[in-house]
Amino acid sequence: MVTLKKPPEIEKMKRAGAVVADVLNLMRDVIKPGIDTLSLDSAAEDLISRESASASFKGYRVRGIDTPFPGSICVSINDEVVHGIPSKDRFLEDGDIVSIDVGAMVEGYHGDAACTYPVGDSVSRERGLLMETTREALHIGMSQASPGHTLGDIGHAIEKWVLGRGCGIVRDYAGHGIGRKMHEAPQVPNHGKAGSGMVLRAGLTFCIEPMVMSGAEPVRSASNGWTVLTKDGSDAAHFEHTLLITADGVMILTPWE
Ligand code: MG
């Protein structure tokens, strides 16, 4: 069921979103060649608890995976699309790209956002273009997010942009409604037909999160059950905001940019 949020709920979501934004801004300083990905997780967790929030992903369970998600954030490197597990044995290297996905909860309400970062100074032009294409895909999706537009308008605009740039779109995973639960109705696909699907209304809170590959589908799951990778080994990037449909447009609730 899709729930439209009332002003007191939106206030809590703004606070949760501000924590998420702070973590993503902190990551800009923490990410560097040689650091292990569990250290990123610890830095995020420290900040989340200092701000009296809790990490939405920690202990998250989904049907079909036996173990709950162990990290406070998802850290996905290069060909990993989403849901990478932080580890003290996994190190960032100069030239990598790393996607950080963060969820935080304040007074029972969630915020959720993601960003892909370059590691060091020698990231290839191709990886740079992939990140730029994905970030722009998020903004193109957001440009369709206003009352009267549909979910299909958002997906269609994202898909058209990404394919036009010669990249692949991940269709097996989608954005989502958010609020009291991190994942609520509706699903917000990164592909679709203009004019189709649910009509957007003021008070809807949801995440747009294009996942883009330099190659093509399909994607596969790692043996840990969580991590999603490109099957062809191509690189992937992921950008996400939690958004609120307002009376005349859209408001970003996770203002990390
Ligand atoms: Mg999300």
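The structure this text deals with has already been given above.
**A short note on unusual backbone geometry**
Link 1 in the chain: Of the consecutive residues Ala185 and Pro186, the connecting peptide bond is found in the cis state with omega at 0 degrees.
Link 2 in the chain: One can find Pro186 in strand β8 (residues 184–188).
Link 3 in the chain: Even without a glycine there, the phi angle at His83 is positive, about 65 degrees.
Link 4 in the chain: Relative to the helices and strands, His83 is located in the loop between β3 (80–82) and β4 (97–106).

**Overview of helix α2 (residues 37–50)**
Residues spaced three or four apart along an α-helix face the same direction, because each turn holds 3.6 residues.
Link 1 in the chain: Compared with the 20 Å implied by 1.5 Å per residue over 14 residues, the 20 Å span of α2 between its first and last C-alpha is a close match.
Link 2 in the chain: Buried within α2 are the following residues: Thr37, Leu40, Asp41, Ala43, Ala44, Leu47 and Ile48. Projected down its long axis, α2 carries its buried residues within an arc of 165 degrees, all on one side.
Link 3 in the chain: Taken together, the buried residues of α2 touch α1 (7–30), β1 (54–55), β2 (73–77) and β4.
Link 4 in the chain: Structurally, the start of α2 carries an N-cap: the backbone nitrogen of Leu38 is 3.1 Å from a side-chain oxygen of Asp36.
Link 5 in the chain: Looking one or two residues past α2, Ser52 carries a phi angle of roughly 55 degrees, positive in sign.

**Looking at the pattern of salt bridges**
Link 1 in the chain: Under the counting rule described, the total for this entry stands at 12 salt bridges.
Link 2 in the chain: For the salt bridge of Lys5 with Glu184, the shortest nitrogen-to-oxygen distance reads 3.2 Å. Placement of the pair is Lys5 in the segment before α1 and Glu184 in strand β8, with a sequence separation of 179 residues.
Link 3 in the chain: Judged by its relative accessible area of 16%, Glu184 is buried.

**A closer look at helix α3 (residues 125–143)**
Link 1 in the chain: In this model α3 runs 27 Å from its N-terminal to its C-terminal C-alpha over 19 residues, within 8% of the 27 Å that 1.5 Å per residue would give.
Link 2 in the chain: What α3 keeps buried is the set Arg127, Leu130, Met131, Thr133, Thr134, Ala137, Leu138, Ile140, Gly141 and Met142.

The rules behind these values
- Residues numbered from 1 in each chain as written.
- Predicted model: local features only at pLDDT ≥ 70, side-chain atom pairs only at ≥ 80, totals over all residues.
- Heavy atoms only, no water.
- Helix = DSSP H or I, 4+ residues; strand = E, 2+ residues; numbered from the N terminus.
- Expected span 1.5 Å × (residues − 1).
- Buried < 20%, exposed > 50% of the residue type's maximum accessible area, 1.4 Å probe, protein only.
- Arc of directions from axis to C-beta.
- Contact = heavy atoms within 4.5 Å.
- Polar contact = N/O pair within 3.5 Å; in protein donor to acceptor, adjacent residues only side chain to side chain.
- Salt bridge = Lys/Arg side-chain N within 4 Å of Asp/Glu carboxyl O.

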